[in-house]
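Structural features, examined
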Amino acid sequence: MKIEDELKIAIDKLQLGVVSSYESDNVLLIFDNEAELLKYKRKHKYMCPDQILISIQDLCYKPTVLVGLRYKRYHFIRDGEVK
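Because the structure is a prediction, the values reported are computed rather than measured.

Parameters and conventions
- Residues numbered from 1 in each chain as written.
- Predicted model: local features only at pLDDT ≥ 70, side-chain atom pairs only at ≥ 80, totals over all residues.
- Heavy atoms only, no water.
- Helix = DSSP H or I, 4+ residues; strand = E, 2+ residues; numbered from the N terminus.
- Pairing = 2+ DSSP bridges.
- Axes fitted to C-alpha atoms, helices over the stretch in contact; angles between N-to-C directions.

**A few points about the environment of tyrosine 22**
Within the element layout of this structure, tyrosine 22 appears in the loop between helix H1 (3–17) and strand E1 (27–31). Separated by 51 residues in the primary sequence, tyrosine 22 and arginine 73 place their C-alpha atoms 12 Å from one another.

Written out as structure tokens, the structure is:
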């Protein structure tokens, strides 16, 4: 399976977790890689409790990473966006 196919499957999983704003305040942040995720965590020591952080690798290769999670929206954070 190509990465594009895996990403399409992952986006389908993402969309299953999106619920209306009265059911969840959570925002799912998906980072290009683990290094960007760690950089974000170091920069934001007091993170908002409504943020769920994962990497794209977790999304594509860990099938249970989103089970039970509900969020009102998600954002992809690309390399270099975390300053």
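Additional details are given in the paragraphs that follow.
**Describing the sheet that holds strand E3 (residues 73–77)**
Read from one edge of the open sheet, three strands run E2-E1-E3, paired in parallel fashion. Edge positions in the sheet fall to strand E2 (51–55) and E3, since each of these pairs with one other strand and no more. Across the sheet, the mean angle separating the axes of adjacent strands is 20° when strand polarity is ignored. As paired strands, E1 and E2 are joined by five bridges and run parallel to one another. Note that in E2 the partner of leucine 28 across the bridge is isoleucine 52.

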